[in-house]
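Structural characterization, general
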Amino acid sequence: MARRRYAFGLVTHRVFEVFITTAILCNVVVMAMKRHDQSQCFAAGLFWANLVFSCIYFVEAVLKVKRCGQSNLTPRNVVFCFRISKVSAVSGVGDACANSLLSLWEV
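Note that the coordinates shown come from a computational prediction; the quantities given were computed from them, not determined experimentally.

**Structural notes on the overall build of the chain**
A tally of helices and strands in the chain yields four helices and zero strands. Listed by position from the N terminus, the elements making up the chain come as α-α-α-α. For the chain, with 107 residues in total, the buried portion stands at 24%. A total accessible area of about 8,000 Å² is found for the chain, and carbon and sulfur atoms account for 69% of it.

Spelled out as structure tokens, the structure:
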């Protein structure tokens, strides 16, 4: 019960909401930085930045599930957070696969 109370206090705290909003805005900027003629180092940096954002979204979703407790595990905002983290993870894996396939074509 103490963990749930802590998760509730953390997730509903203004600083947490500002942090998540800032992470979303930074993620949008990082996604907009992708360009056609980018170096492999730049592409790797974008990949790792997107991976960090995916982890942030996943932790947010887990904390929101902890906040809700066992009786109400599927409110719309929690489902939305898990969908966002899932899409982010799948797109990251897709980018990694695409980059490795493109590097095979360069040979």
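Next comes the rest of the account.
**Brief notes about the pattern of salt bridges**
Scanning the entire structure with this criterion turns up one salt bridge. Note that Arg35 and Asp37 form a salt bridge whose closest N and O atoms lie 3.5 Å from each other.

**Remarks on the packing of aromatic side chains**
By the definition in use, this model includes one aromatic pair. For the pair Phe47 and Trp48, a centre-to-centre distance of 5.3 Å together with 75 degrees between the ring planes defines the contact as edge-to-face. What makes Trp48 exposed here is its relative accessible area of 52%. For the cation-ring pair, Arg35 lies above Phe42, with the distance from its terminal atom to the ring centre recorded as 4.7 Å.

**Quick notes on the nonpolar core**
Membership of the largest hydrophobic core is limited to ten residues, which are Val11, Phe16, Ile20, Ala23, Val30, Leu46, Phe53, Ile56, Tyr57 and Leu63. Elements with a minimum of two residues in this core: helix H2 (14-32) and helix H3 (40-68). The dominant element in this core, judged by the number of residues it contributes, is H3, at five residues.

**Structural notes on a nonpolar patch on the surface**
A cluster of nonpolar side chains, namely Ile24, Val28 and Met31, defines an oily patch on the protein surface of about 280 Å² accessible area. Take Met31: it is sitting in helix H2.

**Quick notes on H2**
Taking 1.5 Å as the rise per residue, H2 with 19 residues should run 27 Å; its terminal C-alpha atoms sit 27 Å apart, in good agreement. Looking at H2, one finds that the buried residues are Phe16, Ile20, Ala23, Asn27 and Val30. Buried residues along H2 cover an arc of 85 degrees about the axis, so they all sit on one side. With respect to the buried face of H2, the exposed residues turned more than 90 degrees away are Arg14, Val15, Leu25, Val29 and Ala32.

The rules behind each value
- Residues numbered from 1 in each chain as written.
- Predicted model: local features only at pLDDT ≥ 70, side-chain atom pairs only at ≥ 80, totals over all residues.
- Heavy atoms only, no water.
- Helix = DSSP H or I, 4+ residues; strand = E, 2+ residues; numbered from the N terminus.
- Buried < 20%, exposed > 50% of the residue type's maximum accessible area, 1.4 Å probe, protein only.
- Areas by Shrake-Rupley, 256 points an atom, 1.4 Å probe, with all protein chains shown as cover.
- Salt bridge = Lys/Arg side-chain N within 4 Å of Asp/Glu carboxyl O.
- Phe/Tyr/Trp six-rings, centres within 6.5 Å; stacked < 30°, edge-to-face > 60°.
- Lys NZ or Arg CZ within 6 Å of the ring centre and 35° of its normal.
- Core = buried A, V, L, I, M, F, W, Y, C linked by side-chain atoms within 4.5 Å.
- Patch = residues over 30% accessible without salt bridge, like charges linked within 9 Å, V, L, I, M, F, W, Y side chains within 5 Å.
- Expected span 1.5 Å × (residues − 1).
- Arc of directions from axis to C-beta.

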